[in-house]
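Spelled out from the first residue to the last, the chains are:
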Amino acid sequence: MSQYIIGIDLGTTNSALAFAEADSPEVTLFPIAQLANAGEVAEFDLLASSLYLPGEKEFVEGALALPWNPQPSSIVGRFARIRGVENAGRLVSSAKSWLSNQASDPTQPLLPLSAPEGVAKISPLEASRQYLLHLRSAWDQAHADAKLAQQTVLITVPASFDAAARDLTQRAAKLAGYPEVTIMEEPQAAFYAWIERNPDWRERVKPGDLILVVDIGGGTTDFTLISVTDQGGEMQLERIAVGDHLLLGGDNMDLAVARFAEQQFAEKGTKLDALQFHALWQQGRAAKEVLLAEDAPASQALTILGRGSGLVGGTIKGKIARDDIRQLILEGFFPIVPADAVPQRNRRAALLEVGLNYAADAAVTKHLAQFLRNAGNAKPTHLLLNGGVLQSSAIEQRLFEVLNSWQKNGVVELKNDTKRADLMHAVAHGAAYYGKARTGKGVRIRGGVPRTYYVGIESSLPAVPGLAAPMKALAVVPFGLEEGSKVELPQRKFALVVGEPAEFRFFSSVTRRSDAAGFMLDEINDSLEELAPMEVLLPPHADGQREEIVPVTLESYVTETGMLELWCVAADGRRWKLEFNVRERAAAA
Amino acid sequence: MSRISAAFSSFFSLLFSGVLPESVATQFGYMKMKPAAAPPPETPKIKITDGALQMLQTLQRDARLVDFLMEDIAGYADDQVGAAVRSVHADAKASLARHVTLAPVIDGVEGTNHKLDGGKAPDPNRIKLIGNVPASGKAPGGTLRHRGWQATSVNLPPIGKQDVSIIAPAEIEIE
């Protein structure tokens, strides 16, 4: 058995690692050694999820050395972010958002998007691998007698990550030399962290309660509903709904503040360059935190020091008013909207530019309204907030105000006594706690897969020339299928030709939660989202000649580590696993 | 190879470069000899002043302190200087805190009486007596005017191959 249980929050902008000893209840945050500057290694609670691809003679020899690697080929962490501001063409960031991006193949070298010719780009998968590898190396450096590969490791992903993105996360871990990892959902991890910090939690929620978890990270916003039920006198927790994947987070808010301040400077005739803008961004973030807190001052000064050695002379002064910030953040991102609000949809251009598919509507509250409606007009009784952005009391109050305007019964906040301390690290914490819960030392949320999955089946209607045959969708994985269980569909047979790859179009839905396995949906509509196709290749016969058609049935299986697997099973018991083909997905989009 | 030409080429080669020519060495079976051990790797020589320059480098990088100190600020209005100083101060403080742990020498309240051992003169490193200092240099106590500062720990990265005399590199932006 492993000595430690390790929870990793692999975030869009920052990552964290927490661990617990297998036989102790304590969960501890691991300080991560990383380059703080050229030639300086220091430990920080967070590892910046940034990667810099240094040029050949860019740094003095040895300046990038890490305790475990004298000559790393890339920089990971804080210094990558610092240097990346000065030279953005070599900076890889937001790799995580690219893992779930439908419009490009995350295994292809795409990043940095704006790299000049001559810089060898890397894939989002490779960037994720490097972050995980850095974490592993830092851990191994500190635990020579308990290497990470021998421990129990959990990695969190947004609840809204689809099966292909989860698969890629696990692949990145495997490539980084991790043991078999368990993938868990971030909002659930945040809830576990709350349980861990509040031993009296059983007195604070009761059967019949419905807990809404709102997790706003740097790059994503995630909603989850957890219901509390009574199972023969035992309190049970069940995750009953998760939201759509929303690329909208704290970074977008900071950028909005910086753009606003930049405009104010521009009105006074001051134009900022890229580095000054970055300084403004940093200051805007700090100002935002101050101005959205309780008892905030009326304004906050912004100072951009002069470039060059004329520091005082070139200093630009400005200030940002509390009312402006509140207007910008509260009305821009958390407006008061009715319960039937609908977020603006993307107007898709005929040719989608390769880039991230940011949420078209910045109003988090509209997305929340839609999420609750899709979850059967859910009326949450409790609210748990997670993520750095939600440390601000003004945003917190606004969320309550909006939620309470939608329903008669007031929502109660699940507060942490130590809440202010670290909404940033709760996810890693919760993951480590959950790792223990799985071994029987703590409560466990039941949930299973957060979506219904379908394979596309060409309808047998005569095809119209020039039009693809209409597709039907066969539910192969029902919503909530639990870890360790499987579903067989014996009634539906597919004919696979030996030696030829067979491909299945693959769809998912977060809203259709009652379709049983085997249910056939006659039309593929808006409630379904197409994922990367799944493919399988039946190995050809040794002689390479004989053609054979094998009738197979589909079998779905959710592993103990939470991974979804689809298998083709022949009558004689032979089995072949279906794998995601992310390349196809990119081509289709 | 003739004996004479081998002898001559060996003679001149040894005289000018200190090694046997390869052809001779091969002919007489000396090639199996291990090459002379490589000189020990050059350990960078760290001068006593390097640490000071490194600290300056650090404060310039993190807080632009050298830019600030080297600028002629006489002509600027107080609010202009003030705005810049707040920024430099915050950054320099954070930088200092990361690299040096500072503590007062005497953890007392300035302006109040502080007892000393009247039997002996205090350690001049730690305590400076000012005012009506007795000829013996010994005093039973006095008013604490300044608590003093001491570095209780220093955490600077090892100096590698960087040129510490460069406090800040010149910056050239490619448009």
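Bear in mind the structure is a predicted one, so any value in this text is a computation, not a measurement.

S.K.: What is the right way to look at the overall build of chain A in this model?
M.R.: A count of helices and strands for chain A gives 13 helices and 30 strands. Scaling as 2.2 N^0.38, a compact globule of 589 residues should have a C-alpha radius of gyration of about 25 Å, and chain A matches this with 25 Å. Taken along its principal axes, the extent of the C-alpha atoms in chain A is 80 × 65 × 60 Å. For chain A, with 589 residues in total, the buried portion stands at 55%. Element-wise, carbon and sulfur atoms account for 49% of the exposed surface of chain A, whose accessible area totals about 25100 Å². Side chains of chain A give 58 positive and 72 negative charges; the mean places of these two sets differ by 3 Å.

S.K.: Help me understand the overall build of chain B, please; the structure alone is not making it clear to me.
M.R.: Scanning chain B for helices and strands turns up five helices and four strands. Of the regular secondary structure in chain B, the N- to C-terminal order runs α-α-α-α-α-β-β-β-β. Considering only contacts within chain B whose residues lie at least 6 apart along the sequence, 68% involve residues at least 24 apart. A total accessible area of about 13400 Å² is found for chain B, and carbon and sulfur atoms account for 61% of it.

S.K.: Would you mind going over the interface of chain A and chain B with me for this structure?
M.R.: How big an interface is tends to be stated in terms of accessible area lost as the parts join. Every contact between the two is made by 20 residues of chain A and, on the other side, 23 residues of chain B. Around 1800 Å² of area is buried between chain A and chain B when both sides are counted, 50% of it from carbon and sulfur atoms. Linking chain A to chain B there are five salt bridges. Across the salt bridge formed by glutamate 40 of chain A and arginine 98 of chain B, the nearest N and O atoms sit 2.7 Å from each other.

S.K.: It is not clear to me how the packing of aromatic side chains should be interpreted in this structure. Could you clarify?
M.R.: The relation between two aromatic rings is expressed through the spacing of the ring centres and the mutual angle of the planes. All names here are of chain A. Applying the stated rule across the entire model yields 15 aromatic pairs over all chains. A centroid spacing of 5.6 Å and a plane angle of 80° characterise the contact between tyrosine 4 and phenylalanine 19, whose relative ring orientation is edge-to-face. Here tyrosine 4, found in strand S1 (residues 4-10), pairs with phenylalanine 19, found in strand S2 (residues 14-21); they are 15 residues apart in sequence, far enough to count as distant. We classify tyrosine 4 as buried; its relative accessible area is 11%. Since its relative accessible area comes to 13%, phenylalanine 19 is described here as buried. By the ring-pair criterion, three or more aromatic residues cluster together here, those being Tyr4, Phe19, Phe30 and Trp139. For the cation-ring pair, arginine 513 lies above phenylalanine 479, with the distance from its terminal atom to the ring centre recorded as 5.6 Å. Its end group placed over the ring of tryptophan 567, arginine 575 keeps NZ or CZ at 4.9 Å from the ring centre.

S.K.: Sorry, what's going on with the sheet that holds strand S20 (residues 452-458) of chain A here?
M.R.: Note on sheets: strands pair through backbone hydrogen bonds, and any given pair is parallel or antiparallel. Across the sheet, which stays open at both edges, the five strands sit in the order S25-S21-S20-S24-S26 (chain A) with antiparallel pairing between neighbours. Two strands bound the open sheet, and with one partner strand each, they are strand S25 (520-521) and strand S26 (529-530) of chain A.

S.K.: Before we go on, may I ask you to explain the packing of helix H7 (residues 250-267) of chain A against helix H9 (residues 322-333) of chain A in this structure?
M.R.: Residue and element names in this part refer to chain A. Look at H7 against H9: their axes get within 11 Å of each other, and the N-to-C directions meet at 140°. Here H7 lies oblique to H9, going by the angle between them. Two packed elements cross with a definite hand, and for H7 against H9 that hand is right-handed. Between H7 and H9, the residues in contact are Asn252, Met253, Ala256, Val257, Phe260 and Gln264 and Asp324, Ile325, Leu328, Ile329 and Phe333, respectively. Residues that form the contact of H7 with H9 fall into these classes: eight nonpolar, two polar and one charged.

S.K.: Is there a simple way to explain the environment of alanine 83 of chain B in this structure?
M.R.: Residues and elements named next belong to chain B. On the secondary structure map, alanine 83 appears in helix H5 (residues 78-99). Assessed through its relative accessible area of 11%, alanine 83 is described here as buried. When the C-alpha positions of alanine 83 and lysine 128 are compared, they lie 35 Å apart, and in sequence the two are 45 residues distant.

S.K.: I tried to follow the pairing of strand S30 (residues 575-580) of chain A on my own but got confused; where do I start?
M.R.: Look at any regular strand and the pattern is simple: side chains alternate between the two faces of the sheet. Residue and element names in this part refer to chain A. Here S30 shows a clear split, with Trp576, Leu578 and Phe580 buried on one side and none of Arg575, Lys577 and Glu579 buried on the other. Sheet analysis places strand S27 (residues 534-537) next to S30, joined by two bridges and oriented antiparallel. Of the residues in S30, the one forming a bridge with methionine 534 is phenylalanine 580. Inspection of the sheet shows strand S29 (residues 564-570) paired to S30 by four bridges, in the antiparallel sense. Each bridged residue has a counterpart across the sheet, and for valine 569 the counterpart in S30 is arginine 575. Hairpin connection between S29 and S30: a loop of four residues separates the two successive antiparallel strands, and glycine 573 in this loop has a positive phi of roughly 95°.

S.K.: Explain the side chain of histidine 429 of chain A to me, please; I cannot follow it from the model alone.
M.R.: Topologically, histidine 429 of chain A is positioned in helix H12 (residues 426-438). At 3.1 Å, the side chain of histidine 429 of chain A and the side chain of glutamate 196 of chain A are in polar contact.

S.K.: Please clarify how the sheet that holds strand S18 (residues 412-413) of chain A should be interpreted in this entry.
M.R.: All names here are of chain A. Pairing is mixed in the open sheet, where six strands are placed in the order S18-S17-S12-S13-S14-S19. Among the strands making up the open sheet, the edge pair consists of S18 and strand S19 (445-446). In terms of strand pairing, strand S17 (residues 382-386) meets S18 through two bridges, oriented parallel. Residue leucine 383 lies in a different strand from S18, and its bridge partner there is glutamate 413. Most of the contacts of helix H11 (residues 393-406) go to S17, to which it runs at about 150°, and overall it touches strand S12 (210-216), S17 and S18.

S.K.: I keep staring at the environment of aspartate 162 of chain A and nothing clicks. Help me out?
M.R.: Its place among the elements puts aspartate 162 of chain A in the loop between strand S10 (152-157) and helix H4 (163-175). A polar side-chain atom of aspartate 162 of chain A sits 2.9 Å from the main-chain amide nitrogen of alanine 164 of chain A.

S.K.: Is there a simple way to explain the nonpolar core in this structure?
M.R.: Across soluble globular proteins, nonpolar side chains show a tendency to be buried alongside one another. Residue and element names in this part refer to chain A. Residues Ile8, Ile155, Tyr178, Val476 and Phe506 are the most contacted members of the largest nonpolar core, which totals 80 residues. No other element matches helix H3 (residues 124-142), which puts seven residues into this core. Setting aside anything within four residues of it in sequence, one finds valine 476 in contact with Tyr453, Tyr454, Val455, Val487, Leu489, Phe506, Ala517, Leu554, Ser556 and Leu566.

S.K.: Which parts of the structure should I look at to understand the confidence of the model for chain B?
M.R.: Predicted coordinates in regions of low pLDDT should not be interpreted in detail. All names here are of chain B. When pLDDT is averaged across chain B, the result is 83; 74% of the residues are at 70 or more. Mean pLDDT values for the elements of chain B range from 60 in helix H2 (residues 22-27) up to 95 in strand S1 (residues 100-103). If you check the scores for this complex, the pTM reads 0.83 and the ipTM reads 0.74.

S.K.: Would you mind showing me how to read the pattern of salt bridges here?
M.R.: The tally for this structure, following the rule as stated, stands at 38 salt bridges over all chains. As a salt-bridge pair, arginine 83 of chain A and glutamate 86 of chain A come within 2.9 Å of each other at their nearest N and O atoms. Taken together, the residues arginine 83 of chain A and glutamate 86 of chain A, both in helix H1 (residues 78-86) and three residues apart, mark about one turn of the helix. For aspartate 209 of chain A, the salt bridge is made with lysine 206 of chain A, and the minimal N-O distance between the two is 3.5 Å. The exposure class of aspartate 209 of chain A is buried, given its relative accessible area of 5%. Lysine 206 of chain A sits in the exposed class, given a relative accessible area of 51%. Each of Glu40 of chain A together with Arg61, Asp62 and Arg98 of chain B takes part in one network of salt bridges that share partners.

Calculation rules
Residues numbered from 1 in each chain as written. Chains lettered and ligands numbered in written order. Predicted model: local features only at pLDDT ≥ 70, side-chain atom pairs only at ≥ 80, totals over all residues. Heavy atoms only, no water. Helix = DSSP H or I, 4+ residues; strand = E, 2+ residues; numbered from the N terminus. Rg over C-alpha atoms; globule rule 2.2 N^0.38 Å. Buried < 20%, exposed > 50% of the residue type's maximum accessible area, 1.4 Å probe, protein only. Areas by Shrake-Rupley, 256 points an atom, 1.4 Å probe, with all protein chains shown as cover. Lys, Arg positive; Asp, Glu negative; His and termini not counted. Charge placed at Lys NZ, Arg CZ, Asp CG, Glu CD. Contact = heavy atoms within 4.5 Å. Buried area = accessible area lost by both parts, 1.4 Å probe. Salt bridge = Lys/Arg side-chain N within 4 Å of Asp/Glu carboxyl O. Phe/Tyr/Trp six-rings, centres within 6.5 Å; stacked < 30°, edge-to-face > 60°. Lys NZ or Arg CZ within 6 Å of the ring centre and 35° of its normal. Pairing = 2+ DSSP bridges. Axes fitted to C-alpha atoms, helices over the stretch in contact; angles between N-to-C directions. Parallel < 35°, antiparallel > 145°, perpendicular 65-115°, else oblique. Left-handed = near helix turned anticlockwise from the far one by under 90°. Nonpolar A, V, L, I, M, F, W, Y, C, P; charged D, E, K, R; others polar. Polar contact = N/O pair within 3.5 Å; in protein donor to acceptor, adjacent residues only side chain to side chain. Core = buried A, V, L, I, M, F, W, Y, C linked by side-chain atoms within 4.5 Å. pLDDT = per-residue confidence, 0-100.

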